[in-house]
Amino acid sequence: MFIPGGKGKGGLTNGTQRGRRVILLGLLALAWLFGGGAHPAGPELGPLLDAMGILPPVKETEAPDFTLPDLAGTPRRLAEFRGQVVLINFWATWCPPCRAEMPAMERIYQEMKNDGFTILAVNFAETAEQVEPFVKEHRLTFPILLDEEGQVVRLYRAFSLPTTYVLDRHGAVVGRAIGAREWDSADAKRLVRALRAR
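A quick note: this is a predicted structure, and the numbers were derived from the prediction, not measured. (Residues numbered from 1 in each chain as written. Predicted model: local features only at pLDDT ≥ 70, side-chain atom pairs only at ≥ 80, totals over all residues. Heavy atoms only, no water.)

Overview of the environment of Thr 67
The cut-off we apply is this: Secondary structure follows DSSP: runs of H or I at least 4 residues long count as helices, runs of E at least 2 residues long count as strands, and numbering of each begins at the N terminus. Only protein chains enter the calculation, and the probe is 1.4 Å; a residue is then buried if its accessible area is under 20% of its type maximum, exposed if over 50%, and partly exposed in between. Contacts between residues were defined by any pair of non-hydrogen atoms, one from each residue, lying within 4.5 Å.
Along the chain, Thr 67 falls in strand β1 (residues 67-69). A relative accessible area of 47% places Thr 67 in the partly exposed class. Through-space distance from the C-alpha of Thr 67 to that of Arg 77 is 4.2 Å; in sequence the pair is 10 residues apart. Ignoring sequence-local partners within four residues, the contact set of Thr 67 consists of Pro 75, Arg 76 and Arg 77.

Okay, structure coming up:
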């Protein structure tokens, strides 16, 4: 897990006082947003979230809308994807766990993209020129959005990378995963299918 502290590899903070403050703020935000207890959407999702290590919110909340450019410079708005189960993944090319989970994300995207599911990969603080070689190398086809100023990262309190939010078809936050996951696992597919059926 990496703490975003600036652009590129030099922006990582590790063991410094600033880094500890960022981690503390992240933990406080998690405690505030994700306090545990029963999932507001019902008990049927609890075991599926637990199996993936996804923290449910204290209360059901609509995901904050945002607009970011994709790699072609086209503005993409979260609201465009209403009606689909959405994974919003905050990542960077310099983040090893982010890089490690991308192939699994591509596999689940290919399997389920035509059946009410999508992934929005929000890149933190990098330019299209920095991101495009990675996307081509890994043959990623899901939408890649650029958050060069980190505004959406702050809006979603994605204080460590990768962080992934899971949204239902109505745009409500179902849960948040900190760190890499096997997004093409049987558990992940069961979760997506359960959310599509809601």
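Looking at empty space enclosed by the protein
Stated formally: Only protein atoms enter the 1 Å grid used here, on which a cavity is any set of points holding a 1.4 Å probe that cannot leave and a pocket is any open set flanked by protein within 12 Å on both sides along at least five of seven lines; residues with an atom within 4 Å of a point are listed as lining. Grid points are joined across faces, edges and corners, and a volume is the space filled by probe spheres set on the points.
By the definition in use, this model includes one cavity of 30 Å³ or more. One number sums up the size of the largest cavity: a volume of about 50 Å³. Together, Val 85, Leu 87, Phe 117, Val 166, Trp 183, Ala 188, Leu 191 and Val 192 line the largest cavity. For the lining of the largest cavity, the elements supplying multiple residues, two or more each, are β3 (85-91) and α6 (186-196). Per element, the largest residue contribution to the lining of the largest cavity is three residues, and it comes from α6.

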